[in-house]
Amino acid sequence: MQTDKPLLPDAARRTAAWCGVVLLVAGVGAVAIWLCVALKTAVTPVLLALLGTALLGPVHRRLTGRGVKRSIAAGLTCVLLVAVVGGAGYIVVTALIDSGDQIVRSLKDTARWFVDHFGIGKNTDVDDLVARGQKLIEKFGASAAGGLLSGLSLIGTLIATSVLALLLTFFFLRDSDRAGDLAHAIAPRGTGDLVEAMGRRAFEAVEGFMRGTTFIALIDAVCITVGLLVLRVPGAVGLGALVFVGAYIPYLGAFASGAVAVLVALADRGFVIALWALGVVLAVQVLEGHVLQPMIQSRTVQMHPAMIMIALTAGASVAGLLGMLLAVPVCAAAFGILGELRAGYRGAAAPDGE
């Protein structure tokens, strides 16, 4: 008795099935990104609150472990968050304001030095380049913050976003023990444990990233600031503040802040001191890449540098500077979820293979 042969070979059907899965996942991801962009006024405080919760979660757990009520512990943790962020922001802004003019003047002198010594753009007015650069920075800043304005002033939007993020951080910390029940409530029947495990894995990845990045940024800023102070580079504290802020944008932030420090040293202290400053920056980067990151972030999701660069580019294209800041934590959470799915799939397939 003859049997009907399939229209397509098995390999073609498998390929078509995988293509359908990829298209479905890409479509869902595109819709999710579109919704986040369309609802960015509400999504931004939620993401910032999740980052704050991940950073201060250990403090809240330690307070509750010592018998403090969850609401009081969450309130104390939020007060600590305001004090730390406010103090750090005051130090960074003050340092940048105090040394900002000096750094800009040094960069202008560096541009003149390159024009005089290498004959690059002899007919180019350095002041005109600086003016154009400032306009470009203003335009970039406007495009990055334009999505947050929504017809309001920048200061008002930032204050409203910060207050809402702080309130959400309080509720997330206070009600974090109910996250498991919520996962079981919204998950389809029989998948509650898997959804809870994925949520925990994603949050642990973001938590490890935030704590590790903050600690590494602090070490980088202190080491580079001390090195620049020893070399007597002007604006060393402001440059160290730039290093600390830039460390939250992996690779790109460190490269940009380190390049500014070297250029300032070149303009004010000469070529030899600039080489020493470059050596300090490179030594700190080597320390970060080969010692600090493997030691501090060894228990978190490890991502290849190429994936980080792709994530930063995608984040910048979607939400500008804010997207660059949030891209790596989001990718860390996604990799944590994929790892949990892969572990669950292997655990489900293991009995069949035995």
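Residues numbered from 1 in each chain as written. Predicted model: local features only at pLDDT ≥ 70, side-chain atom pairs only at ≥ 80, totals over all residues. Heavy atoms only, no water.

## Quick word on the confidence of the model for the chain
Condition: The quantity known as pLDDT measures the predictor's confidence residue by residue, on a range of 0 to 100. A helix here means a DSSP run of H or I that spans at least four residues, while a strand means a run of E at least two residues long, and both kinds are numbered starting from the N terminus. Working rule for contacts: check all heavy atoms of both residues, and any pair within 4.5 Å makes them a contact.
Confidence along the chain averages 75 in pLDDT terms, with 74% of residues attaining 70 or more. Across the chain, element-level confidence peaks in helix α1 (residues 10–38) with a mean pLDDT of 86 and bottoms out in helix α4 (residues 126–149) with 50. Predicted confidence is poor over residues 136–152, with pLDDT under 50, and the contacts of this stretch with residues over four places away or in other chains come to 12 contacts.

## Some details on the nonpolar core
Using the following cut-off: Grouping buried Ala, Val, Leu, Ile, Met, Phe, Trp, Tyr and Cys residues that are joined through side-chain atoms within 4.5 Å yields what is termed a nonpolar core. Throughout this description, buried means an accessible area under 20% of the type-specific maximum (1.4 Å probe, protein chains only), exposed means over 50%, and partly exposed covers the range between.
With 20 residues, the main nonpolar core has Val206, Met210, Leu312 and Val328 as its most contacted residues. Sort the elements by how many residues they give to this core and helix α11 (residues 305–353) lands first, with seven residues. Setting aside anything within four residues of it in sequence, one finds Val206 in contact with Leu51, Ala54, Pro329 and Ala333. In terms of nonpolar packing, the next biggest core, distinct from the first, is built from 16 residues, Leu231, Ala265, Ile273 and Val280 among them.

## Here's the deal with unusual backbone geometry
Notably, Arg232 is not glycine yet its phi reads approximately 60°, a positive angle. Here Arg232 shows up in the loop between α7 (192–230) and α8 (236–246).

## Considerations on the environment of Arg201
Along the chain, Arg201 turns up in helix α7. The class for Arg201 is partly exposed, based on a relative accessible area of 31%. Beyond its immediate sequence surroundings of up to four residues, Arg201 is in contact with Gly336, Gly339 and Glu340.

## Here's the deal with the side chain of Asp220
Note the following rule: Charge assignment in this entry is limited to Lys and Arg as positive and Asp and Glu as negative, and neither His nor the chain termini are counted. Take a side-chain nitrogen of Lys or Arg and a carboxyl oxygen of Asp or Glu: if they are within 4 Å of each other, that pair is a salt bridge.
With respect to the helices, strands and loops of the structure, Asp220 is situated in helix α7. The buried charged residue Asp220 lacks any salt bridge, with Arg211 as its nearest oppositely charged partner at 17 Å. Sequence-distant contacts of Asp220, defined by excluding residues within four places in its chain, comprise Val243, Val284, Glu288 and Leu292.

## As for the packing of helix α2 (residues 40–65) against α7
Any two packed helices are characterised by the angle at which their axes cross and by the distance between the axes. Basically, it comes down to this: For every element, the axis is a line fit to its C-alpha atoms; helices are fit only across the contacting stretch, and the angle between N-to-C directions ranges from 0 to 180 degrees. Here is the rule for angles: anything less than 35 degrees is roughly parallel, anything more than 145 is roughly antiparallel, 65 through 115 is roughly perpendicular, and the remaining ranges are oblique. Classes in brief: Ala, Val, Leu, Ile, Met, Phe, Trp, Tyr, Cys and Pro nonpolar; Asp, Glu, Lys and Arg charged; the others, Gly included, polar.
Orientation of α2 relative to α7, taken along the N-to-C sense of each, is 85°, at an axis distance of 8 Å. If you check the angle between α2 and α7, you find them roughly perpendicular. Contacts from Leu50, Leu51, Thr53, Ala54, Leu55, Gly57, Pro58 and Arg61 in α2 reach Phe203, Val206, Glu207, Met210, Arg211 and Thr214 in α7. The residue inventory of the contact of α2 with α7, partitioned by class, reads eight nonpolar, three polar and three charged.

## A short note on the environment of Leu194
Within the secondary structure layout, Leu194 lies in helix α7. C-alpha separation for the pair Leu194 and Ile337, spaced 143 residues apart in sequence, amounts to 9.9 Å.

## Things to note about the packing of α8 against helix α9 (residues 252–269)
Threshold: Take the far helix as your reference; a near helix turned counterclockwise from it by less than a right angle gives a left-handed crossing, and one turned clockwise gives a right-handed crossing.
It is at 8 Å that the axes of α8 and α9 come closest, and there the two elements cross at 165°. The angle between α8 and α9 falls in the class roughly antiparallel. You can see that α8 and α9 cross each other, and the crossing is left-handed. Contact residues: Leu239, Leu242, Val243 and Gly246 in α8; Gly253, Ala254, Ser257, Val260, Ala261 and Val264 in α9. Of the residues assigned to the contact of α8 with α9, the class counts are seven nonpolar, three polar and no charged.

## Digging into the side chain of Thr225
Inspection of the secondary structure puts Thr225 in helix α7. In contact with Thr225, other than residues within four places in its own chain, are Ala236, Val237 and Gly240.

## Description of the pattern of salt bridges
Within this structure, the stated rule accounts for three salt bridges. Salt-bridge contacts for Glu207 lead to Arg61; the nearest nitrogen and oxygen are separated by 3.0 Å. Taken together, the residues Glu207 in helix α7 and Arg61 in helix α2 connect sequence positions 146 residues apart. Under the relative-accessibility criterion, Glu207 is labelled buried at 6%. Owing to a relative accessible area of 44%, Arg61 belongs among the partly exposed residues under this scheme.

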